[in-house]
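Given next are the chains, with one letter for each unit.
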Amino acid sequence: MTKLTYSGLKYGDNDVEVNLLVDIQNDWFEIMHTNEVSQVMNKSTGEYIVVNRNTLKVEVAS
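A brief structural summary. Along each chain, residue indices are assigned from 1 in the same order as the chain's sequence is written. Totals for whole chains, interfaces and linings use all residues, but because this is a predicted model, local features are given only for residues with pLDDT of at least 70 and pairs of side-chain atoms are given and counted only at 80 or more. Side-chain calculation: all heavy atoms of the structure are included, whereas hydrogens and water are not.

1. Looking at the overall build of the chain
Turning to step 1, where the next piece is worked out: A helix here means a DSSP run of H or I that spans at least four residues, while a strand means a run of E at least two residues long, and both kinds are numbered starting from the N terminus. Secondary structure summary: the chain contains 0 helices and 6 strands in total.
Turning to step 2, where the next piece is worked out: Listed by position from the N terminus, the elements making up the chain come as β-β-β-β-β-β.
Turning to step 3, where the next piece is worked out: The atom set for the radius of gyration is the C-alpha atoms, and the globule formula is 2.2 Å times the number of residues raised to the power 0.38. Relative to a compact globule of 62 residues, whose C-alpha radius of gyration would be 11 Å, the chain shows 11 Å and is just as compact.
Turning to step 4, where the next piece is worked out: Judged by the C-alpha coordinates and their principal axes, the chain covers about 30 × 20 × 15 Å.

Pasting the structure below:
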């Protein structure tokens, strides 16, 4: 199973890093961007993160 970890600095609180794990084989997820924020939502679990747009990172964890 291949999993992705999305992370970034929480929108409105630059000292807090938030993470979200997504299994790309089993989860339905969505990534949205605006001028200020990026939102990653794992629609299978209902979890999501909202981060400052320029801080969004993704790592592969297989």
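More follows now that the structure is in view.
2. Brief notes about the packing of aromatic side chains
Turning to step 1, where the next piece is worked out: Pairing of aromatic side chains here covers Phe, Tyr and the six-membered ring of Trp, requires ring centres within 6.5 Å, and sorts the geometry by plane angle: under 30 degrees stacked, over 60 edge-to-face, intermediate tilted. Scanning all chains against the criterion turns up 1 aromatic pair.
Turning to step 2, where the next piece is worked out: Look at Tyr6 and Phe29: their rings are 6.2 Å apart centre to centre, the planes differ by 50°, and that puts the pair in the tilted class. Residue Tyr6 is found in strand β1 (residues 3-9), and its partner Phe29 is found in strand β3 (residues 29-33); the two are separated by 23 residues along the sequence.
Turning to step 3, where the next piece is worked out: Burial classes follow relative accessibility: with a 1.4 Å probe on protein chains only, a residue under 20% of its type's maximum area counts as buried, one over 50% as exposed, and anything between as partly exposed. On the basis of relative accessibility, which here comes to 27%, the residue Phe29 falls in the partly exposed class.
Turning to step 4, where the next piece is worked out: When the ring centre of Trp28 is taken as reference, the NZ or CZ atom of Lys43 above it lies at 4.8 Å. Only when the NZ of Lys or the CZ of Arg is both within 6 Å of the ring centre and within 35 degrees of the ring normal is a charge said to sit over the ring.

3. So, the sheet that holds strand β2 (residues 17-23)
Turning to step 1, where the next piece is worked out: Strand order in the open sheet formed by 3 strands is β2-β1-β6, with antiparallel pairing between adjacent strands. Looking at the sheet topology across the chains shown, the edges are occupied by β2 and β6 (57-61). Strand-to-strand twist in this sheet, taken as the mean axis angle between neighbours without regard to direction, amounts to 20°. When DSSP finds two or more bridges between two strands, those strands count as paired. Angles run from 0 to 180 degrees between N-to-C directions of axes, and those axes are lines fitted to C-alpha atoms, restricted for helices to the stretch in contact.

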